[in-house]
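Residue-level structure breakdown
Each chain is listed here by its residues.
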Amino acid sequence: MSHTEQHTVAMEDIVRAHHVLKEVVRRTPLQLDSTLSAKYDCKVYLKREDLQVVRSFKIRGAYNMIRSLTREELAKGIVCASAGNHAQGVAFSCNALGIQGKIFMPSTTPNQKIKQVKRFGGSSVEVILTGDTYDDAYEEAMKACNEGGMTFIHPFDDPKIVAGNGTVAMEVMEALDAPADYVFVTIGGGGLVSGVGTYIKTVSPQTKLIGVEPSGAASMSESIRQQKVVTLESIDKFVDGAAVKRVGDLNFEISRGLLDDIVKVPEGKACTTILELYNDSAIVVEPAGALPVSALDMYREQIRGKTVVCIISGGNNDIDRMQEMKERSLIYEGLKHYFLINFPQRAGALREFLEQVLGPNDDITRFEYTKKHNKENGPALVGIELSDKQDYQALVERMQAKGIAFTELNRDLNLFNLLI
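Heads up: these notes are all about the structure in this document. These numbers were taken from a predicted model, which means no experiment stands behind them.

Of regular secondary structure, the chain possesses 18 helices and 14 strands. Computed over its C-alpha atoms, the radius of gyration of the chain comes to 24 Å, within 12% of the 22 Å expected for a compact globule of 420 residues. With the principal axes as the frame, the chain shows a C-alpha extent of 80 × 50 × 40 Å. The buried share of the chain, reckoned over its 420 residues, is 54%. Pairs at least 24 residues apart make up 73% of the contacts formed inside the chain by residues separated by at least 6 positions.

A few words now on the packing of aromatic side chains. In this structure the tally under the stated criterion is seven aromatic pairs. With centroids separated by 6.1 Å and ring planes inclined at 65°, the aromatic side chains of F92 and F120 adopt a geometry described as edge-to-face. Remark: F120 occurs in helix α6 (residues 111–121) and F92 occurs in helix α5 (residues 85–97); sequence separation between them is 28 residues. Both residues of the pair, F92 and F120, belong to the buried class. Ring centres 5.9 Å apart and planes at 85° place the aromatic pair F339 and F406 in the edge-to-face group. Linking F339 in strand β11 (residues 336–342) with F406 in strand β14 (residues 405–408), this pair joins segments that are 67 residues apart in sequence. Each member of the aromatic cluster is reached from another via a ring pair, and the members are Y182, F184 and Y299.

Here we come to the sheet that holds strand β6 (residues 151–152). If you trace the four strands from one edge of the open sheet to the other, you get β5-β4-β3-β6, paired in parallel fashion. Single-partner strands in this sheet number two, and they are β5 (125–129) and β6. Sheet strands touched by helix α7 (residues 134–148): β3 (78–81), β4 (101–105) and β6. Its angle to β3, the strand with the most contacts, is close to 165°.

Take the sheet that holds strand β13 (residues 380–385) next. Reading across from one edge, β12-β13-β11-β14 is the order of the four strands in this open sheet, with antiparallel pairing throughout. Sheet topology places β12 (363–369) and β14 at the edges, where each strand pairs with a single neighbour. Shown here is a sheet whose adjacent strand axes are inclined to one another by a mean of 25°, direction ignored. Here β11 pairs with β14 via four bridges, running antiparallel. Along β14, the bridge assignment pairs I341 with F406. Taken strand by strand, helix α15 (residues 322–332) contacts β11 and β13, and its axis lies near 80° from that of β11.

With that settled, the discussion passes to the nonpolar core. Note on soluble globular proteins: their nonpolar side chains tend to be buried together. Among the nonpolar cores identified, the biggest contains 35 residues, and V183, V185, V196, V309 and I311 are the most heavily contacted of them. Those elements that place two or more of their residues in this core are α1 (11–21), α8 (159–175), β7 (182–186), α9 (191–203), α11 (249–256) and β10 (307–312). A per-element tally of this core places α8 first, with seven residues. For I311, the residues in contact, after removing those within four places along its chain, are K47, V168, V183, F184, V185, L192, V196, G289 and P292. I283, A288, A295 and L296 belong to the second-largest nonpolar core, a separate cluster that totals 32 residues.

Let us now look at the packing of helix α12 (residues 267–281) against helix α13 (residues 287–295). Where α12 contacts α13, the two axes come as close as 8 Å, and the packing angle between them is 90°. Here α12 lies roughly perpendicular to α13, going by the angle between them. Residue-level contacts link K269, A270, T273, I274 and L277 of α12 to P287, A290, L291, V293 and S294 of α13. Counted by class, the contact of α12 with α13 contains seven nonpolar, two polar and one charged residues.

Definitions and cut-offs
- Residues numbered from 1 in each chain as written.
- Predicted model: local features only at pLDDT ≥ 70, side-chain atom pairs only at ≥ 80, totals over all residues.
- Heavy atoms only, no water.
- Helix = DSSP H or I, 4+ residues; strand = E, 2+ residues; numbered from the N terminus.
- Rg over C-alpha atoms; globule rule 2.2 N^0.38 Å.
- Buried < 20%, exposed > 50% of the residue type's maximum accessible area, 1.4 Å probe, protein only.
- Contact = heavy atoms within 4.5 Å.
- Phe/Tyr/Trp six-rings, centres within 6.5 Å; stacked < 30°, edge-to-face > 60°.
- Pairing = 2+ DSSP bridges.
- Axes fitted to C-alpha atoms, helices over the stretch in contact; angles between N-to-C directions.
- Core = buried A, V, L, I, M, F, W, Y, C linked by side-chain atoms within 4.5 Å.
- Parallel < 35°, antiparallel > 145°, perpendicular 65-115°, else oblique.
- Nonpolar A, V, L, I, M, F, W, Y, C, P; charged D, E, K, R; others polar.

Written out as structure tokens, the structure is:
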């Protein structure tokens, strides 16, 4: 169905999708999180879409859309472009319905994700790796559609996708005794927030809908600011599940009228949340799934004593990224700092630094001379971890008092990215 036929998504579309999805979707738990509830002095519920069959909500929209196709369309097969959760939802749907699908993914996609897609799709899907970005994969997917008359399953910009995603909110509202005061939802392309918002505002208009975007890819905020859909020139791809340059046209139209606010979360803050959810509650979330929980800090005052729902949109987190996440979290929290230090040209300068400059709770986590020869008179890259971010000023002052020449790399993003 094209956008010209249907411009909005209504309550009945979501209820219909709910019946269709009963065949495949898990009704994921809505859990009261005692750690977060105590921290924010309110009731914080987590909607655990990370426990969905493909470890994210994406199956809901994908399956609902594919099931709406005619027999002729299904016979020709379907196509999607995705580097992640959408591909897994489409693959699972193809396998469940016994239809053929082509899934185009950028050749930069991590192996773990490609394996997942093949596992869910089995013999029903063909994975085609092409280009470096999602946009490259999308172009190739479009070619395949035009040549073979196959149907393209969009990751977010389609009424059937939005209605399927809205079933998350239906489950949330049915599980609560009284409507939530606040619902926090991640925004990438806007397919989830449009569906969730449509249902919530229909059933409970007084519930506040708060969208959450990564700071480095805040395409919905920018579109709302300019009152039209805009394409961001560049984005930080770290929060891969929500790093989208352009939100869906349909999603923009729907959600601009439903959102009470949008919060932007720095990527480093999302990393802190990922580590906390894992350590406190043994929940594995991906960066996009962590954003709603991260946003609670910015709403600390408003949510006190209230009932709050955070939708954990997915849990496809690559274990290989955990070291980088820990690093980003420490830097964001002001606990890790990198310096280029020119040590004075004399014997014992390094020992002096360790004994007289480094604080009692400071720890050197990285040390390397930047010159391979004649090391003693070149600058060294030094990574220092603090146990309290308040110790930073004193460390810098001691270096200055000793007359040590240094550059703070955390403050210069270009230098920092080059080295770390």
